[in-house]
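# A look at the structure
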Amino acid sequence: MYWILFAILIHCGLSLPVNSNPDNSNPGFRFQVTQKGINYLRDVLIPVVTDAIKTAEIPPINQRVDTPIGHITFGLSSIRIGNVDISHTTVELDTPSNAVAAISDAFIALNARWNYREDSWPHISDDGSVDISATQISINLNLQIGTTDKGEPHVTTKTCSFNIGHVDVTFHGGASWLYNLFSSSIADALKDAIKDQVCPLVTDAVDTNLNDILDTVDLKADIDDNCYIDYSLVQPPFVIKDAIFVNGKGEIFDKSDPKECPSPKQDMPETVDSERMVTLWITEYMLNTAGYAYQTAGFLQYNLTSDDIPDKIPIKMTTGFFKYFVPILYKTYPDKDLTLWLYVTKPVTFDVNKAGVSGRAEGTITWLVHVNDTLVPVFTLDAQLDLCVNLSVQLGSNSEIYLDLITVEPYIQLKSSNIGNFSVSALQSFIKFSRALIVPFVNALVNNGIPLPSFDYVSFTGFDFNLEDGYIQIHTDIKYVPNERVSSEREYYSLSKDGFECKMKDKDLWANTVADDIFSYFSNEVN
């Protein structure tokens, strides 16, 4: 189970190959690990390393030596590590090539059985126990991580060094006085035996166990049945100043026909100061790939009928209801049921800046009347919705970021008509008034969050938002809960509507006060 933590350390950037001049490929998503984050992961790692060292199996040691009683063969067997104490650890980022995880002043206590046998007649033999303490131990691990052809992280141990400063050997029972005469020879043999075990153990753990875990990390996550998000690495992780960066594609694709979004990518600053462990960078480009993917997938269209309007709402999908807004419609088709075809003709676009997150949707609204079980198109409107968006984040083992409409500013004009030309000013006023229905309807229709990179047994805890020109920064901490899955119960952290202003002529947030039962109705009906 503890190799999952190793995987998180590596995937988040611990001990990575570094590059003082990283490839400026303008990712859609960035993951930054600060020194505070590295220190936390290092502290959590100490008991993991301790348990790993305890599993080392030291082989028996046999030597022939000269003693006052002649040539003897002595041996140590059943060598077991009883205690490991790691008192000091550091992780140093060594630009531009590597990073080194170092353990110093460690202590290992061992116990074993000793025995000897005289080589010549009368072949005297004896045995007993021995206590061994190895002190001033240092371990230096140099790791290199790259990316596979698929943009997946892959780890290789470049070097592992293990040194023991001093070994004390205390014999008990039998001819212990005899063994004490050549305890220094035994100490040297023990140093070599322990060293030969620990470095291969750590190297195998990284190169085998760690990559097995990294292979299970799914860099592509489904948003819903239509689209998925791709976090594949666009370049090897790199180090700038005292932070580690992982750049991912951060692109949302249509499952049936994945295409690159033509929207421009934003430049991001070299680094950012944060008192949190981790900073997630959500770019404007990443949000725009969502609009592009859903529009190309044909998801952004809807047939609005009377069944979609709750009984408690005094709006009817009939020509009679709209006779004051479009008189010619009622005159041509009196007392007929209506259906509206809502169709987004261009990808929804978003604009992220220090003032807030806004967006724009453009499309058409085709009005149809029911005549003898036939839908007859009567006119089509060009429609534009300027969007004001709120941000929220769900915490848990599967964290997600949500974009919720606060309000919309609708604009319409007549595109074509089969009932003659008419003014849309009254209908424009009605649609503007109906924002209180548009907002919860859209939020219920598109209620899936965008999954953030996540791991089992690890949770993001607490969030601070930063809005900058072209990207959103989410500063957070991480918590490791071994041997149990983190609760996926939703706990939302939102950027309040009072924390920013949308770039609209009308900053009226009246739609945000819509009764909860309206939103609940649409949530239940749409889903």
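In case you missed it, the structure is sitting above this.
Keep in mind it's a predicted model, so treat the numbers as computed, not measured.

A full pass over the atoms with the stated rule returns one disulfide. Shown here is the disulfide that connects C160 with C199, its sulfur atoms set 2.4 Å apart. Taking the sign of the S-S torsion, about -85° here, the bridge from C160 to C199 comes out left-handed. You can see C160 sitting in strand β7 (residues 153-172) and its partner C199 sitting in helix α4 (residues 183-216), a full 39 residues away along the chain. A relative accessible area of 22% means that C160 is categorised as partly exposed. Judged by relative accessible area, C199 falls into the buried class, the value being 11%.

Pairing in this open sheet of six strands is antiparallel, and the strands run β10-β11-β1-β13-β22-β21 from one edge to the other. Lying at the two open borders of the sheet, with one neighbouring strand each, are β10 (238-240) and β21 (458-468). Across the sheet, the axes of successive neighbouring strands diverge by a mean angle of 25°, strand direction being ignored. As judged from the three bridges shared by β10 and strand β11 (residues 243-248), these two strands associate in the antiparallel manner. Looking across to β11, one finds that F238 is bridged to F245. Sitting on the sheet, helix α5 (residues 284-296) is in contact with β1 (29-33), β13 (278-283) and β22 (471-480), with an inclination near 50° to β13.

This part takes up α5. Over its 13 residues, α5 runs 19 Å from end to end, which matches the ideal 18 Å to within 8%, given 1.5 Å per residue. With twelve of 13 residues buried, α5 lies mostly within the body of the structure. For α5, the full list of buried residues reads E284, Y285, M286, L287, N288, T289, A290, G291, Y292, A293, Y294 and Q295. Once α5 ends, the next one or two residues include G298, with phi positive near 75°.

Within the open sheet, the three strands sit side by side as β8-β9-β12. Their pairing is antiparallel. A single partner strand is all that each edge strand has here, and the edge strands are β8 (220-222) and β12 (251-254). Along the sheet, successive strands turn relative to each other by an average axial angle of 30°, direction set aside. In terms of strand pairing, β8 meets strand β9 (residues 227-230) through three bridges, oriented antiparallel. In the strand pairing of β9, K220 is matched with D230.

Now for the packing of aromatic side chains. Remark: the centre distance and the inter-plane angle together describe each pair of aromatic rings, the angle taken between the planes. Scanning all chains against the criterion turns up 14 aromatic pairs. An angle of 80° between the planes, with centres 5.1 Å apart, marks the rings of F321 and F322 as edge-to-face. Aromatic pair F379 and F422: ring centres 5.0 Å apart, planes at 75°, arrangement edge-to-face. One end of the pair, F379, is in strand β18 (residues 374-394); the other, F422, is in the loop between β19 (400-417) and α7 (425-433), with 43 residues separating them in the sequence. Accessibility expressed as a relative area gives 2% for F379, which makes it buried. Taken together, F321, F322, F325, W367, F379, F422 and F430 form an aromatic cluster joined through their ring pairs.

About the cut-offs
Residues numbered from 1 in each chain as written. Predicted model: local features only at pLDDT ≥ 70, side-chain atom pairs only at ≥ 80, totals over all residues. Heavy atoms only, no water. Disulfide = S-S within 2.5 Å. Helix = DSSP H or I, 4+ residues; strand = E, 2+ residues; numbered from the N terminus. Buried < 20%, exposed > 50% of the residue type's maximum accessible area, 1.4 Å probe, protein only. Pairing = 2+ DSSP bridges. Axes fitted to C-alpha atoms, helices over the stretch in contact; angles between N-to-C directions. Contact = heavy atoms within 4.5 Å. Expected span 1.5 Å × (residues − 1). Phe/Tyr/Trp six-rings, centres within 6.5 Å; stacked < 30°, edge-to-face > 60°.

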